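In case you want the letters, here they are:
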Amino acid sequence: MSDTILETEGMTKEFRGFVAVSDVRLQVKRGTIHGLIGPNGAGKTTCFNLLTKFLPVTRGKISYEGRDITNLKPADIARLGLVRSFQISAVFPHLTVLENVRLALQRARGNSFDFWRPESLLKQYDSRAMELLEDVGLTGYARHNAGELPYGRKRALEIATTLALEPTMMLLDEPTAGMTHDDVDRIVTLVKRVAAGRTVLLVEHNLKVVEGLCDTITVLARGAVLAQGDYATVSRNPEVQAAYLGTDPGIAGSTQHG
Amino acid sequence: MAEGSIATASPGAPPATDEATFFGFTRPQAAAFLALVVIVLASPFVVYPFFLMKLLCFALFACAFNLLIGYVGLLSFGHAAYFGMGAYVSGYAAKAWGVTPEVAILLGAATGALLGIPFGWLAIRRTGIYFAMITLALAQMVYFFCVQAPFTGGEDGIQAIPRGHLFGIFDLSSDFAMYWVVAGVFLGGFLLIHRVVHSPFGQVLKAIRDNEPRAISLGYRTDDYKLMAFVLSAGLAGLAGAVKALAMRIATLTDVLWTMSGEVVLMSLVGGLGTIFGPVAGAAAIVTMQTYLAEFGAWVLVIQGVIFIAAVLAFRRGIVGEIGNLLRVKL
């Protein structure tokens, strides 16, 4: 097994002439938590969508576990164990919390095209789903509609659902966006815990989160890689400081949210 | 802010229990279903069977349509194509080939489903208004095909379709006898749709309706699910059309016209989108209106228009949706 789990070469995305992501070379080491940071509009989320095939690349190559995945479909990427989250909270609002998690477990059956079978077949996944919910502290909410959950709990549910797929690698898009301080700390703890034995690539705006969490950090600015390394190295980089100061003053240090 | 925190687990009481009683029905749904069965069984002794047959055929058609809009979130504006082609094929098979009614009905349903494969394949590439426009355009192509093709009888349609003998044994020429076939197909179709919605497959459909990107990111090839739902819906619409052709003994261009596609939207909307009983109630309301207000001639359309506007403005959940909301149950 190679040391690098996910790798891109010359990954480029153009939208009608506008270069959103330019020649990005990214190497994510197995078993690490890798942060992808950058000021607004740096191309972080676009990168994410390229890696998970929600957008096709204009040029370049993406490989995962030594396999070229540049031209796969998003659902197939997920089946390879590379599972993403979304910046906006991604739950199924009209399904119950339990059903949300069960949907991920249900996928293990293969394709669920058996429209003539009763739903009660899915009860076999209930105990595993409850375990996962307990893990993120949502046991008491199992029978509520996911749409009724407060924001922080939705994110917790999303992580439980992602974990249900037993992903080899998780891609988390701003897991703490829009959260209160308490919630940020809980999510950081949760991510740390679930990262054991996995690889995590994390897009984050909140530098405090990145500092405490990531082994390696890649800084993007205007679609290109500006710097790469551990937090200390990256945060001292004058170019990085300039990029952050230029567009988003006050975060060059590690001071956001104190 | 305790509300937004993750660890404190003190949720309120969960909402009303959704425990299934039989066949995936919740308790109130089971009661409503039994009431429906009783009505279906008793009404031919009170009301004209011919009118009831028409009502049940449209009810099944609306249920088939609702499978797409209510549970996958896809608004088809071309369901007349499957309904009408189902009617033409079953009518033609019964009249020209003299097949037995059950074969004619199956052929009609198969026609709807087969037509749904390429049409659905094309349409599910888009969502929202674009999906509706593609389905409409494809249905218009079917309409013009039906105008030109000799077997449809053009403007005359296929008339005096023989109902024949069910399984070659039971004579269906009386409306009363035919009614039980229609009732059987309707109840069977209704139960099938309910099962589809409450199957492992239906669970994925609802997830796609709620949040398709998330379903994809969980590894579901959502296009395959949408196509499957589309074909099921088209097949059931074809089934409704096929039964209608035998029951009314006529298949005409009206069945494939875009106004028919519009009518089924209206029925589902008035009854309640995404409720299992809504389309039935909506079809009953619209068909009853069309029949008993027929003396007002073209004014029926105006009255329908007013009802449509009222439904959208005042009771957006539809008849059944509003009742369910009042009783705090899911129907």
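Residues numbered from 1 in each chain as written. Chains lettered and ligands numbered in written order. Predicted model: local features only at pLDDT ≥ 70, side-chain atom pairs only at ≥ 80, totals over all residues. Heavy atoms only, no water.

## Remarks on the confidence of the model for chain A
Reasoning step 1: Across chain A, pLDDT averages 84, with 92% of residues at or above 70.
Reasoning step 2: The model gives residues 247-258 of chain A a pLDDT under 50, and that stretch makes 25 contacts with residues more than four places away or in other chains. (pLDDT = per-residue confidence, 0-100. Contact = heavy atoms within 4.5 Å.)

## A look at the interface of chain B and chain A
Reasoning step 1: Contact with chain B, which involves 43 residues of that partner, is made by 52 residues of chain A.
Reasoning step 2: Taking both partners together, chain B and chain A bury about 4,000 Å²; carbon and sulfur atoms supply 59% of that area.
Reasoning step 3: Counting across the interface, chain B meets chain A through 15 residue pairs in polar contact (both at pLDDT 80 or more).
Reasoning step 4: For the side of chain B that touches chain A, the element with the most residues is helix α7 (residues 200-210) of chain B, which contributes 8 residues.
Reasoning step 5: Residue classes in the side of chain B that touches chain A are distributed as 23 nonpolar, 11 polar and 9 charged. (Buried area = accessible area lost by both parts, 1.4 Å probe. Polar contact = N/O pair within 3.5 Å; in protein donor to acceptor, adjacent residues only side chain to side chain. Helix = DSSP H or I, 4+ residues; strand = E, 2+ residues; numbered from the N terminus. Nonpolar A, V, L, I, M, F, W, Y, C, P; charged D, E, K, R; others polar.)

## Notes on the nonpolar core
Reasoning step 1: V101 and L157 of chain A together with F186, F190 and F277 of chain B are the most contacted members of the largest nonpolar core, which totals 159 residues.
Reasoning step 2: Here this core gets 18 residues from one element, more than from any other, and that element is helix α2 (residues 49-71) of chain B.
Reasoning step 3: Ignoring anything within four residues of it in the chain, the contact list for F190 of chain B reads F25, F33, L36, L60, C63, I276, F277 and V280 of chain B.
Reasoning step 4: Residues V24, L26, L50 and V203 of chain A belong to the second largest nonpolar core, which totals 24 residues. (Core = buried A, V, L, I, M, F, W, Y, C linked by side-chain atoms within 4.5 Å. Buried < 20%, exposed > 50% of the residue type's maximum accessible area, 1.4 Å probe, protein only.)

## Quick look at the sheet that holds strand β9 (residues 216-221) of chain A
Residues and elements named next belong to chain A.
Reasoning step 1: Pairing in this open sheet of 6 strands is mixed, and the strands run β6-β7-β8-β3-β9-β10 from one edge to the other. The open sheet is flanked by β6 (82-84) and β10 (224-229), the only strands paired with a single partner. Taken pair by pair, the neighbouring strands of this sheet meet at an average axis angle of 15°, ignoring direction.
Reasoning step 2: Sheet strands in contact with helix α1 (residues 44-51) are β3 (33-37), β6, β7 (169-173), β8 (199-203) and β9, and its direction is about 150° off that of β7. (Pairing = 2+ DSSP bridges. Axes fitted to C-alpha atoms, helices over the stretch in contact; angles between N-to-C directions.)

## Some details on α1 of chain A
Residues and elements named next belong to chain A.
Reasoning step 1: Burial runs high along α1: 7 of the 8 residues are buried.
Reasoning step 2: Those residues of α1 not exposed but buried are K44, T46, C47, F48, N49, L50 and L51.
Reasoning step 3: One or two positions beyond α1, positive phi appears at K53, with a value near 70°.

## A word on the UniProt feature "transmembrane region" (unreviewed entry) in chain B
Residues and elements named next belong to chain B.
Reasoning step 1: UniProt tags residues 30-51, 58-83, 103-122, 129-151, 177-197, 227-252, 264-289 and 296-315 as "transmembrane region" (unreviewed entry).
Reasoning step 2: Measuring from the first to the last C-alpha atom of residues 30-51 gives 26 Å, for a span that is 73% helix and 0% strand.
Reasoning step 3: Summarising residues 264-289: 77% helix, 0% strand, and an end-to-end C-alpha distance of 14 Å. (UniProt positions renumbered as here; feature names shortened; annotations may be inferred.)

## Details of the sheet that holds strand β2 (residues 18-29) of chain A
Residue and element names in this part refer to chain A.
Reasoning step 1: The strand order across the open sheet built from 4 strands is β2-β1-β4-β5, with neighbouring strands paired in antiparallel fashion. Two strands lie at the open edges of the sheet, namely β2 and β5 (67-68), each paired on one side alone.
Reasoning step 2: In terms of strand pairing, strand β4 (residues 59-64) meets β5 through 2 bridges, oriented antiparallel. Opposite Y64, over in β5, you have R67 as the bridge partner.

## Quick notes on the environment of M169 of chain A
Reasoning step 1: Locating M169 of chain A in the fold gives a position in strand β7.
Reasoning step 2: Residue M169 of chain A is classed as buried on the basis of its relative accessible area of 0%.

## Remarks on a nonpolar patch on the surface
Residues and elements named next belong to chain B.
Reasoning step 1: Together, L41, F45, V46, F176 and W180 give the surface a local cluster of nonpolar side chains, amounting to about 530 Å² of exposed area.
Reasoning step 2: Within the secondary structure, F176 is located in helix α6 (residues 175-197).
Reasoning step 3: Take F176: its relative accessible area is 35%, and that puts it in the partly exposed class. (Patch = residues over 30% accessible without salt bridge, like charges linked within 9 Å, V, L, I, M, F, W, Y side chains within 5 Å. Areas by Shrake-Rupley, 256 points an atom, 1.4 Å probe, with all protein chains shown as cover. Salt bridge = Lys/Arg side-chain N within 4 Å of Asp/Glu carboxyl O.)

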